[in-house]
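The residues making up each chain are set out below.
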Amino acid sequence: MKKTLLIFLIIFSHILYAQSDCSTAMAVCGNSEISYTPNGYGNDYEDMGGCLTKEKYSVWYTFSIATAGTLTFEIVPNDQLEDDYDFGVYGPNKTCATRGTPIRGSFSAKKGNTGLNMVATDLCEDSGGDKWVKYMDVLPGETYYLVVNNWSESANGFKLVWGGTATLTSPFSDPTIQPHPFNPPGIPGANPADPREVVICTNPATFDFSSLSAGIINGNPNFSVSYHTSQNDALIGNNPITTPQTVTPTGLYYYSISYTDPLNPNSPASKCKQIGNFKFKDGSFKATNATLTSCNNNNAGTATYDLTTANVSGDPAMTKKYYHTLYDLNNGINEITNIYQFVSAEGKIYAKVTSPFGCTSTAEITLKFYPAIIAKDAELRECFIESNPSTALFNLDNAAVITPQAGIVKNYYPSLTDAIDATNEIVAPKTYVAPNGFVYVRVSDNRGCYVVVKIGLTVLPPVKSDVLKDKIICMEDTTTLDAGPGFKSYEWSTGATTQTIKNVGVGTYWVKLKTGECIATQTVTVYPSEQPVVSNIDISNTTLTINVIGGTPDYQYSMDKIIWQPSNTFSNVARGTYKVYVKDAYDCDPIEVTVVVPNLINMITPNGDGVNDVVDYSAMADKQNLVLSIFDRYGTKIHQGDKSNGYKWDGKIAGKNIPTGTYWYSVTWNENDKKNTPFKFSGWIVVKNRE
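All of these numbers come straight from a predicted model, not from anything done at the bench. (Residues numbered from 1 in each chain as written. Predicted model: local features only at pLDDT ≥ 70, side-chain atom pairs only at ≥ 80, totals over all residues. Heavy atoms only, no water.)

**Student:** If you had to explain unusual backbone geometry to someone new, which residues and values would you point to?
**Tutor:** For the bond from Gly91 to Pro92, the omega torsion is 0°, close enough to zero to count as cis. Looking at the secondary structure, you find Pro92 in the loop between strand E5 (85-90) and strand E6 (104-106). Residue Pro204 is bonded to the preceding Asn203 through a cis peptide linkage, with omega at 0°. The topology assignment puts Pro204 in the loop between strand E14 (196-200) and strand E15 (205-207). The phi dihedral of Lys561 is positive, around 60°, even though this residue is not glycine. Relative accessible area serves as the criterion here: at 46%, Lys561 is assigned to the partly exposed category. (Helix = DSSP H or I, 4+ residues; strand = E, 2+ residues; numbered from the N terminus. Buried < 20%, exposed > 50% of the residue type's maximum accessible area, 1.4 Å probe, protein only.)

**Student:** Residue-level account of the nonpolar core, with values.
**Tutor:** Counting residues in each nonpolar core, the largest one holds 36 residues, and the members touching the most others are Ile537, Ile539, Ile546 and Tyr665. Going through the elements one at a time, strand E39 (532-540), strand E40 (543-550), strand E43 (576-583), strand E44 (591-597), strand E47 (624-631), strand E52 (661-670) and strand E53 (678-687) are the ones with two or more residues in this core. What Ile539 contacts, discounting residues up to four positions off in sequence, is Leu544, Val595, Val596, Val597, Pro598, Trp669, Phe679, Lys680, Phe681 and Ser682. Membership of the second largest hydrophobic core comes to 27 residues, among which are Tyr61, Phe63, Phe73 and Tyr144. (Core = buried A, V, L, I, M, F, W, Y, C linked by side-chain atoms within 4.5 Å. Contact = heavy atoms within 4.5 Å.)

**Student:** Which residues make up the packing of aromatic side chains, and what values do they have?
**Tutor:** Tallying each qualifying case throughout the model produces 29 aromatic pairs. Seen from their ring centres, Phe209 and Phe278 are 6.2 Å apart, and the 50° between their planes marks the pair as tilted. Of this pair, Phe209 sits in the loop between E15 and helix H2 (213-217) while Phe278 is found in strand E19 (residues 273-282), placing the two residues 69 residues apart along the sequence. Ring geometry for Tyr665 versus Phe681: centroids 6.1 Å apart, planes at 70°, classification edge-to-face. (Phe/Tyr/Trp six-rings, centres within 6.5 Å; stacked < 30°, edge-to-face > 60°.)

**Student:** Provide a residue-level description of the sheet that holds strand E23 (residues 335-336), including the pertinent values.
**Tutor:** The pairing of strands in a sheet comes from backbone hydrogen bonds and takes either a parallel or an antiparallel form. Reading across from one edge, E20-E26-E25-E22-E23 is the order of the 5 strands in this open sheet, with mixed pairing throughout. Where the open sheet ends on each side, the last strands, each with one partner, are strand E20 (290-294) and E23. Relative to strand E26 (residues 360-369), strand E25 (residues 347-354) is paired through 8 bridges, and the arrangement is antiparallel. Bridging from a neighbouring strand, Val353 pairs with Ser361 of E26. (Pairing = 2+ DSSP bridges.)

**Student:** Lay out the environment of Leu396 with the relevant residues and their values.
**Tutor:** For Leu396, the position within the fold is in the loop between strand E28 (388-394) and strand E29 (409-413). The spacing of Leu396 and Ala428 is 32 residues in sequence and 9.0 Å in space, taken between C-alpha atoms. Not counting residues up to four positions away in its chain, the partners in contact with Leu396 are Leu380, Tyr412, Ile426, Pro429, Tyr432, Val439, Ile455 and Leu457.

**Student:** Could you give an account of the state of the cysteines, naming the residues involved and the relevant values?
**Tutor:** All told, the structure shown has 7 disulfides when counted by the stated rule. Each disulfide pairs two cysteine sulfurs, and for Cys29 the partner residue is Cys272, the sulfurs being separated by 1.6 Å. Disulfide Cys29-Cys272: the torsion about the S-S bond is -115°, which places it as left-handed. Remark: Cys272 occurs in the loop between strand E18 (252-259) and E19 and Cys29 occurs in the loop between strand E1 (26-27) and strand E2 (34-36); sequence separation between them is 243 residues. Of the two residues, Cys29 and Cys272, both sit in the buried class. Note that Cys295 is cross-linked by a disulfide to Cys449, the S-S spacing being 1.9 Å. (Disulfide = S-S within 2.5 Å.)

Next up, the structure:
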């Protein structure tokens, strides 16, 4: 029973410490540096042969030559003072079964570095050697085995550094096999020598390592990645992590990139691995709640917010999305997209803050209004402008829309739309001329907030007297002008300051009437009455008819300025010169016209005896436009006496006597007065010719 138990423990121990045998040698890919810590002799306890003895803590490698040249290497123990490393090289182109004795090797008992160099001449040295043997001349395609043995059996490990001019084959340096660079996972650590860091958003976190593979391989075909908790496992592919694991920032993890030759899966290149390490970094963070304050302009009940100004994170690399509710945020719906001009009432919204590594946190943003600007509507009342009574001159700054306070600015606009849009500003508010209406005031503060109120503009119209009217008087008369009661003051063009002015004659006057603080100027005219004009005077035998135009009927007529009659006809007027007087309804001084009643001739006997031979009005030759006209019984004009014939008629036509009979005549002229009054004197005449 004890022997059986002993056998089991030995087998388990071999499995536990199995690291590498010749048959399972790890491929060396390229001339990259190798680090490893052997901790056993593998499944086969092999005699290394030649100048070497049995394995202790060993690891086997195989490598192939890519380009010819010299090959050296240096095994560097991590503990230079305590560790004694030996090595052996076999080949070229041998199998593990036929490898024979090493062609290079060192079994020196000294501590420190060992390997091949360009100085040594011995090929394989025993325990008394200096730890260095001669380099190798190698050719392309040659394959070798290398065993590294830790005689000291410590857990300190070593690193292997290649030298010489030859290069080793590797799928990791062949662009036809690896067309793209591999991307190490995570981000650089704080120091270049530190492992790269993969960010996790919780600590601890459950992490799926396979999520890193596509990024590492970067599209290179025939490569795969495995993940391990130790470097040795990564190098030989042992104990891969295949399921999501709980991780923290304290552990160190390794990834191993492996190549599989699709044409020869068992080729040395298919055994190549490239490893790296990484750790996890806690990328969780706490977004900061924030408050945004904006203007409730014009008391609209909403304000416009730039959500990006909410300081929910001080890291500019963070991305942010905004939502109306936490439910929307958690479900990724109804995202707020107009983040630079978000219009909202006071309330709360929510920001989802995401780091470049995908970690998220939620912040609450409180939306508030700035305190309201206190302003109110106002009224301005101003007196009319006399030249344009429907308008007044307003000083808009006098409107009490606000109480004076620092930082408050008033701007004036003709419409509500202009005030809201800040267009068409009234640039001269102190001298604003306008009719009745409204002006709108945009009252703003130094935060850019504003409210619009209005100013009612009232033009106080002119108040004029209903009593004061134009008058008509006789030119020689005077009258009294009365502006009427109810005015605060009066100022006449005559200088009087009374309600009435007396003894004013014909002319134009004004009076300034004050009502409240407004003064209206009212003009009044005293017109002279229009005098009648004698248009013409007809004289027929002893009857005198006066025809009048102008003035104001009814007219009155007189020949002595004592007796007046409404009739314009005077009868039985003897021959001679008279004055006729006319006045109209205003009873002003009458107009005066001189009337001449000519000597009446009723018969002529044109027989040459010198008595009544001709009709002669040459005595009136001084009258203007004097004309003597003779008409027959049928009204046909048969003679005209004028300046050319001395204003006479001898009872003939073209020198021949006319038949005896009765004829008609008229004498017309214009009197030599300022009106050139027309006169017409008419009658009949008998012409008696002796046969």
